[in-house]
Structures are given as C-alpha cells and as structure tokens.
Amino acid sequence: MSVQHPHAQFNAPDADVAIVSSDNALFKIHSRNLKFNGSLLLNYITKPLDSKDNAFHSEYSNPVLTVLCAFLYPNIDHPTLHDCSIPFVLEVGAAANKCSIPAAIAVCFLRAMTVVQNPQADLTTTLLVFQYLNEFHLEDPNWSMDDMAQRTLGAQTKEAARYLRGVTFFAWSLYKLRWEEITGQQSGYNSGFYPANLVPSFRQQLIVARTHGGLSSSTPMPPSAFWKSLVSWVPSVFLTKHDRFNDATADTCIVSSDGVLFKIHSNNLSFSSDAFALNFDSTSKDDLAFFDEPADVLGILFAFIYPDTVYPTLLDQTIVFVRQLCTAAQKYMIPSAMAVCHARVLCVLWHFCFFCFSSIFFRMSSQDPEASLETCLDALDYLLNFHRDFPSWKPDTLAHRTLGADMALASKHLNALGLFAWTIYKLQWSEKTGSLRQSSSRLHRTQQPQTASVPFPLQLAISNS
C-alpha cells in the first residue's frame, strides 16, 4: 500500500471525508461543504473494497484537488488561476464541470476566454481551449465558434488529433476539408475574402459529425413497431404476400418493414440460425413476427436458409444493397449470406483494380459503373464496416481511388466511421501535396493504387469515435 501524505491545508481534524489524490496526497474534507458546493465530486472518486482507512481515491492529482477543494470553502480565498498555465486551468475546468463546482467552472471559463480574446495565442493553446469550450461551454454566447475554428485551421491533421477529441475532431476535419474545397489550398482561410454563403459554419459541421456519429437526439419508430401497431387493428389478410415465400405449408409468418408477408418453414429458420427466434415468441400460424428489414432484403436473405435452392450471386445488386443484406445476415447470423456478400464486394474491388491497371487514363473509369467513384466509396464503406482485417485488400488501395470525390459525395456513401477516416485521409493527402486540388489532380495521373503514400487512418478514426 502506498504511503499517504497529509495535505498541508486540507487536513482539519474534524473533517469527516478523506480523499486520496492520484499521487497519494491525503485530503480531509467536511461533508457539508461537499454537499453544498461539490455534490458530484464523490461520483468521480472510488473507495477500494480492501481500504482500511475509509479513504476515497480520486483520479485527480494533488494540485487539481487543491484548487477544487479551495472552491468548496467560502471562508478561503478562491484562486483566480491567473498565474497557472492554460493546460492546468483546462484540467481543473474539466474536473470542475464533471464534479459540478460552479465557482471553479466560472473561473476556468474566464481564464480560457483570455485565449479566445488573444488572436496571437499559439496554435497548441488555441486547440486545447477550442476542445475545452466545445466540450463544456458549447452554447455559451460569449465566444465565437467560427472565429476560434478558423484560428485552428493552420494545424496539421496529426497535430489536431493530439488535442481535439471525439466529435470535435470529426467536426474539425469536416470543417477544414470544406474550407480546402473552397480555397483549393492550405492557407487563406479568411472568411472576409469569400461570400457569406460560401463560408463554412463549424456549428453545421458539428451537427453533421453528431448525426453521422449516432449522437442525434431523435429516435424514430422502428419500422417493425409501426407495422406491429398497424396490424393490431388491420387484419393480416390485407398484407401484401411475397411472390416466392408464400407456401401454404409454411408455419411461420413474418412481416417486413414495408408490410410484405413472408411464410417461412420454422425448421429452416431454426436450423439456419438461433437468432431468428429473438424476433417472435412462437411459430403458430396466428402469430406474426415483425422484422426491421424491407422485403427486397428479406426475400434474398431467406433464399440462403433453403439449401435445396440456388443461392443468389448478387451480381445484379448494388453495393448499397449488398451492405443492407450483409447487415441483416450478420444480425440473424447467416454465414452463407455473409460469405456471398463479402465475395461480391471483393469482386468489385478486384474488377476496379484491374480496370485501373489496364486503363491508359483514369478518367476512363467513369465509363464503367463497377469502377465509378460512387461504387468505390460504397465498397470502401462496406469493407471498413464488415471486413476490416480481410487479407486480400488494404484500405489504402481503395481509399486512394476515392480522393477525387468531394465531401458532399463522400458523406452520401460513407457512414460515420468511414467518413471520419476518409476526411482525415484526404486532409493528410492535401497536407502532403500542399493543396487539395493538387492532390486530386495527382490522383488522376496516378496509375497504380500502390503508389498511395498516405496510410488510411482507420485506427485514428476509431480512437476518436
């Protein structure tokens, strides 16, 4: 057990709460002060089961706890933190926000505002304050989000990733890429030089990042719940019956998200996967199971549970549809369907690579739907979500061929993780070549995907998502 050193100031003999800092300083605090000024502080400290001294253990260091505890006592001069470094102030501010200590929150915010009001502040400090304000003071009207965001645009992507986190880093990447699409270079991010309707809004990019990151507050009713409520008063006889799966001998009735009735044999369902049973309570003819997938997806998925039929190859399906099918196959644990989906997407990848090798000019790929930018983006998104570790492909190979897409196109074809990684990837290409337009034009002159010299930053996106 580590030796605990009593704190010089917070060591009152009548204090009834003992807190140990991360560097083993022992604080003795009065519970009435905690209750009045820092009611959430105890939520961020733990009490080990084998503790013999009844002390709570905190993740915060001695200096941080010293400042926090000073704000708990009205008879002690509260620190202004004017002589403290900005990183330390922001560390205290983050702890104060989590522990709900209002006076400390206000002082740390005012100290951070000195950086906001100083356009000459160094880039690292500006990034740190920008992350802090976005995390804890997003709606405060006393600072301009766009002004601060513009001041951070001089940072390289790897530098920004060290100081920005999560949705803020995602939004910053989108924001910088949007600026570079307007200016075509990595300098001149001055909103005064461009019409107001062209100047990017960081708040808008924050909304996009939150929406793609699944942080939207709206939760629409699942399609299965809609049809379940509808069928409760509309007889199932009025549902559209599927053309193929409508056998009179089938003993299980399934309704798709768009209201199509499937009649499936329970033996095939139970033999193929145990996951189907989670969607319905029994297999009698009088009960309906409501699935969240549309009829076109279920129509192909159910083909894989009948071994006496020819499995579909999906060559006539788009990658977007293949992804929907694979999502359903993964959900219901149908390995044969997942294998065919993976093979179909890899077929597109190999076709595209062969086409690029055999073409004299990359622009000729627009003549082949299988090698279009849209298909490549869809294939990249699919592989990132379902087959990241497949040995026969590398994300760099495919991602390099999508650099000709703009952010609007990419956001239509990539989900949260894919868009986040792709945005960082394109920014790093821009940083390497010196200009977004130059990186795109160089792409059109590049014949071999292996010449891509920027690794696809998948792990960086995962760590911030």
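What counts, and at which threshold
Residues numbered from 1 in each chain as written. Predicted model: local features only at pLDDT ≥ 70, side-chain atom pairs only at ≥ 80, totals over all residues. Heavy atoms only, no water. Helix = DSSP H or I, 4+ residues; strand = E, 2+ residues; numbered from the N terminus. Buried < 20%, exposed > 50% of the residue type's maximum accessible area, 1.4 Å probe, protein only. Contact = heavy atoms within 4.5 Å. Areas by Shrake-Rupley, 256 points an atom, 1.4 Å probe, with all protein chains shown as cover. Phe/Tyr/Trp six-rings, centres within 6.5 Å; stacked < 30°, edge-to-face > 60°. Expected span 1.5 Å × (residues − 1). Pairing = 2+ DSSP bridges. Axes fitted to C-alpha atoms, helices over the stretch in contact; angles between N-to-C directions. Parallel < 35°, antiparallel > 145°, perpendicular 65-115°, else oblique. Nonpolar A, V, L, I, M, F, W, Y, C, P; charged D, E, K, R; others polar. Salt bridge = Lys/Arg side-chain N within 4 Å of Asp/Glu carboxyl O.

Asks: Any details on the overall build of the protein chain? Residues and values, ideally.
Replies: A count of helices and strands for the protein chain gives 20 helices and nine strands. Counting across all 465 residues of the protein chain, residues that qualify as buried make up 50%. Taking all contacts inside the protein chain whose residues are at least 6 apart in sequence as the whole, residues at least 24 apart take part in 66%. Accessible area of the protein chain: about 22700 Å², with a carbon and sulfur share of 56%.

Asks: Go over the packing of aromatic side chains with me, naming the residues and quoting the values.
Replies: The final tally for this structure, using the stated rule, is 16 aromatic pairs. An angle of 80° between the planes, with centres 6.3 Å apart, marks the rings of Phe130 and Trp143 as edge-to-face. Remark: Trp143 occurs in the loop between helix 5 (123-136) and helix 6 (145-151) and Phe130 occurs in helix 5; sequence separation between them is 13 residues. Look at Phe130 and you get buried, because its relative accessible area is 0%. Look at Trp143 and you get buried, because its relative accessible area is 7%. An aromatic cluster is built from Phe245, Phe262, Phe291, Phe302, Tyr306 and Tyr332, whose rings are joined through pairwise contacts.

Asks: Would you mind going over helix 8 (residues 166-183) in detail, with residue names and values included?
Replies: Quick reminder: α-helices carry 3.6 residues per turn. Residues three or four places apart thus point the same way. The first and last C-alpha atoms of helix 8 sit 26 Å apart over 18 residues, in line with the 26 Å expected at 1.5 Å per residue. Counting buried positions along helix 8 gives 16 out of 18 residues, so the element sits mostly inside the fold.

Asks: So, the sheet that holds strand 6 (residues 240-246): which residues are in play, and what are the values?
Replies: If you trace the four strands from one edge of the open sheet to the other, you get 6-8-7-9, paired in mixed fashion. Each having just a single partner strand, strand 6 and strand 9 (288-290) make up the two edges of the open sheet. Recorded for the sheet is a direction-independent mean angle of 30° between the axes of neighbouring strands. Strand direction decides the pairing type here: strand 6 and strand 8 (residues 260-264), joined by three bridges, are parallel. Across the sheet, the residue bridging to Lys241 is Leu261, located in strand 8.

Asks: Help me get a handle on the packing of helix 3 (residues 86-99) against helix 5, residues and values and all.
Replies: Two elements in contact, helix 3 and helix 5, have axes whose closest approach is 10 Å; the angle formed by their N-to-C orientations is 10°. In terms of orientation, helix 3 and helix 5 fall into the roughly parallel class. Every residue of helix 5 that contacts helix 3 at Ile86, Pro87, Leu90, Gly93, Ala94 and Asn97 is listed here: Thr125, Leu128, Val129, Tyr132 and Phe136. In terms of residue class, the contact of helix 3 with helix 5 is built from eight nonpolar, three polar and no charged.

Asks: Quick one: what's the story with the pattern of salt bridges, residue by residue and with numbers?
Replies: Per the counting criterion, the structure on display carries six salt bridges. Between Asp381 and Arg323 there is a salt bridge, with the nearest N and O atoms lying 1.9 Å from each other. Pair noted here: Asp381 is in helix 15 (residues 373-386) and Arg323 is in helix 13 (residues 319-331), with a separation of 58 residues, a long-range link. Among the charged side chains, a network of salt bridges with common partners joins Asp292, Glu293 and Lys331.

Remember that the coordinates give geometry; whether it matters functionally is a separate question.
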